[in-house]
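# Summary of the model geometry
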Amino acid sequence: MLLDAVPLTFKASDGVEVARAQLAALKAPPELLPDLRIEDRTIGYGDRTDIPVRVYWPPTAAQENLPVVVFYHGGGWALGDLDTHDHVARAHAVGADAIVVSVDYRLAPEHPHPAGVEDSWAALQWVGENAAELGGDPNRIAVAGDSAGGNLSAIMAHLARDHGGPSVVFQLLWYPSCIGDRTLPSFTENANAHILDDDVIDAFLSWYVPHLDVSDHTTLPINLAPGNGVLADLPPAFIGTAHHDPLRDDGALYAELLSAAGVPVELVNEPNMVHGYVSFGLVVPAAAEATNRGLAALKKALYP
């Protein structure tokens, strides 16, 4: 009923503003949102000086030395912002009992790849240096994100490892794109799926990486397809996938590759879910249950 009420499908020819309006229309009921301390800021690190973020503090008595989750929203690297994923960020703060820093990275097509990666990395480095000022523990930082945000989170785990910090101890990847192989069976099985179908995927890629030939996933750069990188010594991961999602097998394959490289990983495929289920947790009980599985893994990693 929900999916019929809020169709989310478009083509590249419709234009990015049409797509953004469709996502922005999916607003969470305000009366269902947890009441948290929240602060909007503009941060900078290195060459990036004007990145909007929204900081959420959990409803806990402790206000110092809390773990920090850097959250990257989904939307195909072209849609979404601090508002579209406000309820998702709040859920992570409550579910993980952690400070959440939600990052408003630059979007395509105005800012194609790798602009979003650069902003995401600058924000993570800023958190690494300023966690204590927020009341956070710089040694307990996690990255989390849904869809394109899951892709960015996985990339951030690579960058943090390769640069000797910040100290990322966990990666929570919700239905991410990490491999980029559209010949995987789930892309055919779910070509006309709700929320994410072939037309939507084509639009996102045409906006985000217009300069890249994405037909051979093995040639894609690591800051687009982290599955092409060295995976050893990455932080433990939880990967949540949805059965009725083109990206299902992408997430499963990334989990398999991480495990083969010695990285602890928990893969949970939700048999009744579609792409984007974390966004529906406030109104769909089964989506809430699925979301809570990942949040429980995140909290366990942050409070060992």
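Per chain, residue numbering runs from 1 following the sequence as it is written. The model is predicted, so local features are restricted to residues of pLDDT at least 70 and side-chain atom pairs to those at 80 or more, both for listing and for counting; the totals for chains, interfaces and linings are taken over all residues. In computing side-chain properties, one takes all heavy atoms of the structure into account and sets aside hydrogens as well as water.

### A few points about the overall build of the protein chain
Strands here mean DSSP runs of E at least two residues long; helices mean DSSP runs of H or I at least four residues long; both are numbered from the N terminus. Looking only at helices and strands, the protein chain has nine helices and eight strands in total. This radius of gyration counts C-alpha atoms alone. The globule rule is 2.2 Å times how many residues there are, raised to the power 0.38. Against the globule reference of 19 Å for 304 residues, the protein chain gives a C-alpha radius of gyration of 18 Å, in line with a compact fold. Principal-axis analysis of the C-alpha atoms gives the protein chain an extent of 50 × 45 × 35 Å. Whether two residues are in contact is decided by their heavy atoms, any of which lying within 4.5 Å being enough. Long-range pairs, those at least 24 residues apart, make up 77% of the contacts in the protein chain with a sequence separation of at least 6. Surface summary for the protein chain: the accessible area is close to 12200 Å², and the carbon and sulfur share equals 54%. The positive count covers Lys and Arg only, the negative count covers Asp and Glu only, and His and the chain ends enter neither. Each charge is placed at NZ for Lys, CZ for Arg, CG for Asp and CD for Glu. Put simply, the protein chain has 16 plus and 39 minus side-chain charges, and the middle of one group is 5 Å from the middle of the other. Method for areas: the Shrake-Rupley scheme with a 1.4 Å probe, in which residue coverage is limited to the protein chains shown.

### Description of the UniProt feature "domain: Alpha/beta hydrolase fold-3" (unreviewed entry) in the protein chain
Summarizing the sequence annotation, UniProt attributes the feature "domain: Alpha/beta hydrolase fold-3" (unreviewed entry) to residues 69–278 in the numbering used throughout. Within the segment residues 69–278, helix and strand shares are 36% and 21% respectively, and the terminal C-alpha atoms sit 16 Å apart. UniProt positions are given in the numbering used here, feature names are shortened, and annotations may be inferred rather than shown by experiment.

### Considering the side chain of Ser186
Here Ser186 shows up in helix α6 (residues 185–189). Residues within four places of Ser186 in sequence aside, it is in contact with Asp245, Pro246, Leu247, Arg248 and Asp249.

### Looking at the side chain of Arg140
Mapped onto the fold, Arg140 is located in strand β5 (residues 136–146). If we ignore the near neighbours within four places in the chain, the residues touching Arg140 are Asn65, Leu66, Pro67, Val68, Val169, Leu302 and Tyr303.

### Some words on the pairing of strand β1 (residues 37–45)
DSSP-based pairing: two strands are paired if at least 2 bridges between them are found. The sheet contact formed by β1 and strand β2 (residues 48–57) spans eight bridges and is antiparallel. Residue Arg37 lies in a different strand from β2, and its bridge partner there is Trp57.

### Thoughts on the environment of Asp81
Within the secondary structure layout, Asp81 lies in the loop between β3 (66–72) and α3 (86–96). Among the residues examined, Asp81 registers a relative accessible area of 29% and is labelled partly exposed. Residues Asp81 and Val103, spaced 22 residues apart in sequence, show a C-alpha to C-alpha distance of 8.1 Å. When neighbours within four sequence positions are excluded, Asp81 is seen to be in contact with His73 and Asp104. Per-residue accessibility, obtained with a 1.4 Å probe over protein chains only, is compared with the maximum for each type, and a residue is labelled buried under 20%, exposed over 50%, and partly exposed between these values.

### Focus on the pairing of strand β6 (residues 168–174)
Counting buried residues in β6 gives six out of seven residues, a clear majority hidden from the surface. As judged from the six bridges shared by β5 and β6, these two strands associate in the parallel manner. Each bridged residue has a counterpart across the sheet, and for Val143 the counterpart in β6 is Gln171. If you view a crossover with the strands going away from you and the path from the first strand over the helix to the second runs clockwise, you call it right-handed. You can see the chain leave β5, run along helix α5 (residues 148–162) and come back into β6, and the turn it takes is right-handed. Summarising the sheet, β6 and strand β7 (residues 237–244) pair through four bridges and their orientation is parallel. Considered in β7, the bridge of Leu172 is made with Phe238.

### Let's talk about the packing of aromatic side chains
Ring pairs (aromatic) are described by centroid distance and by the angle formed between their planes. Between the rings of Phe, Tyr and Trp (Trp by its six-membered ring), a pair exists once the centres lie within 6.5 Å; its type follows the angle of the planes, with under 30 degrees stacked, over 60 edge-to-face, and the other angles tilted. Taken as a whole, this structure holds seven aromatic pairs when the rule is applied. Considering the side-chain rings of Phe10 and Trp207, the 6.0 Å spacing of their centres and the 15° angle between planes classify their relative orientation as stacked. Of this pair, Phe10 sits in the loop between α1 (2–5) and α2 (16–24) while Trp207 sits in helix α7 (residues 198–208), and the two are 197 residues apart along the sequence. Relative accessible area serves as the criterion here: at 8%, Trp207 is assigned to the buried category. Judged by centre distance (6.0 Å) and plane angle (65°), the ring pair of Trp174 and Phe238 falls under edge-to-face. With Trp174 in strand β6 and Phe238 in strand β7, the pair connects residues that are 64 residues apart, well separated along the chain. Overall, the relative accessible area of 0% leaves Trp174 in the buried class. Its relative accessible area of 1% is what places Phe238 among the buried residues. Through pairs of rings, three or more aromatic residues link up here, namely Trp174, Tyr175, Phe238 and Tyr277. We count a charge as sitting over a ring when the NZ of a lysine or the CZ of an arginine lies within 6 Å of the ring centre and within 35 degrees of the ring normal. The ring of Trp57 has Arg37 sitting right over it, with the charged end atom 3.6 Å from the ring centre. The ring centre of Tyr303 lies 5.1 Å from the NZ or CZ of Arg140, which sits over that ring.

### Considering the sheet that holds β2
The sheet built from eight strands is open, its strands ordered β1-β2-β4-β3-β5-β6-β7-β8 with mixed pairing. Each edge of the sheet is formed by a strand with only one pairing partner; in this case those strands are β1 and β8 (265–274). Going from strand to strand, the sheet's axes swing by 20° on average, the running direction of each strand aside. Between N-to-C directions, angles span 0 to 180 degrees; the directions come from axes that are lines fitted to C-alpha atoms, helices contributing only their stretch in contact. With respect to the sheet, helix α8 (residues 248–260) is in contact with β6, β7 and β8, its orientation differing from that of β7 by roughly 150°.

### Regarding the pattern of salt bridges
Salt bridge, as used here: a side-chain nitrogen of Lys or Arg that lies within 4 Å of a carboxyl oxygen of Asp or Glu. Throughout the structure, instances matching the rule amount to 20 salt bridges. With its nearest N and O atoms 2.7 Å apart, the salt bridge here joins Asp86 to Arg90. Separated by four residues within a single helix, Asp86 and Arg90 lie in helix α3, roughly one turn from each other. Both residues of the pair, Asp86 and Arg90, belong to the buried class.

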